[in-house]
Amino acid sequence: MVVDPGDAAPVAAGHLARETGIPRASLYRALADLRETGFVTHLPEEQQWMLGLAAFELGFAYSRQESLQRLGRPVVRRLVDEVQQNAHLAVLHGTDVLYLAEERAPRRPSLVTDVGVRIPAPWTASGLAVLAALPREQVRALFPDAGSFVASRGDHPHRAPDTPQALRRALVAVRADGIARERDTVTAGLASVSVAVADASGHPVAAVAVTFEHARTEPAEVTALEAAVRAAAEDVERRLR
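About the thresholds
- Residues numbered from 1 in each chain as written.
- Predicted model: local features only at pLDDT ≥ 70, side-chain atom pairs only at ≥ 80, totals over all residues.
- Heavy atoms only, no water.
- Axes fitted to C-alpha atoms, helices over the stretch in contact; angles between N-to-C directions.
- Helix = DSSP H or I, 4+ residues; strand = E, 2+ residues; numbered from the N terminus.
- Parallel < 35°, antiparallel > 145°, perpendicular 65-115°, else oblique.
- Left-handed = near helix turned anticlockwise from the far one by under 90°.
- Contact = heavy atoms within 4.5 Å.
- Nonpolar A, V, L, I, M, F, W, Y, C, P; charged D, E, K, R; others polar.
- Buried < 20%, exposed > 50% of the residue type's maximum accessible area, 1.4 Å probe, protein only.
- Pairing = 2+ DSSP bridges.

What about the packing of helix α1 (residues 13-20) against helix α2 (residues 24-36)?
To describe two helices that pack against each other, one gives the angle between their axes and the distance between the axes.
Okay, step 1: Packing of α1 against α2 leaves a shortest axis separation of 10 Å and a crossing angle of 115°. One finds that α1 runs roughly perpendicular with respect to α2. Every pair of crossing elements has a handedness; the one defined by α1 and α2 is right-handed. Of the residues in α2, those in contact with Ala-13, Gly-14, Leu-16 and Ala-17 of α1 are Arg-24, Leu-27, Tyr-28 and Leu-31.
Okay, step 2: Among the residues forming the contact of α1 with α2, the class breakdown is six nonpolar, one polar and one charged.

Written out as structure tokens, the structure is:
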């Protein structure tokens, strides 16, 4: 449920117990745990409880993702119609990417990704696109050491970055032309190209990507796919603003 500040007035524990049917002892233990994690705040002078900052942040994040999904899905659908390849819209969720919208083109290979699926961000073109657009300090906070990375599967030559140094090199390449590229890292035989989507403040909030069979796609076709993805990302940005 999205947190609505208008419905977030402080309430007494007794009122919560009556409304929920939870025994008071159990309720107080639950409230103490929620206070520790920032989801509720205790007002000792009033002997009441109210939603904490973490609850508002969670509600805002959910609301933003829902907006992105609604605004982005038609763009992704048109992109698939245009390029006849699978395409998706994803957001950064911690150190993973979370897929919000995905459209499949006819007679194209099946994908391991789908709406609601999470994959380590450095494995994916979408993740690299968003990370490249973030402040470098934030990237370092997300991936401070080798233990922050999930090793990509297989022994193919196109392994995902698995150290801070390798990630920095990958992001420099993305920033060079604004296109993130991934090959064989998520699924052998498939490649993806992606472009970040920024909000009105310039902060990257999502990425649009297309996935294709690299062995069956000519360089000129890849260039055309990249142009189409860039245009789609710009379209989502216009809708957000």
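Concerning the pairing of strand β3 (residues 86-93)
Okay, step 1: Extensive coverage of β3 is indicated by the burial of six of its eight residues.
Okay, step 2: Note: β3 against strand β4 (residues 96-103), seven bridges, orientation antiparallel. Across the sheet, the residue bridging to Ala-87 is Glu-103, located in β4.

Considerations on the packing of helix α4 (residues 125-133) against helix α6 (residues 164-177)
Okay, step 1: Contact geometry of α4 with α6 gives a least axis separation of 9 Å together with a crossing angle of 85°. It follows that α4 is roughly perpendicular to α6 by the angle criterion. Mapping the contact onto sequence places Leu-128, Ala-129, Leu-131 and Ala-132 in α4 and Leu-167, Ala-170, Leu-171, Val-174 and Arg-175 in α6.
Okay, step 2: Its residues assigned to classes, the contact of α4 with α6 comprises eight nonpolar, no polar and one charged.

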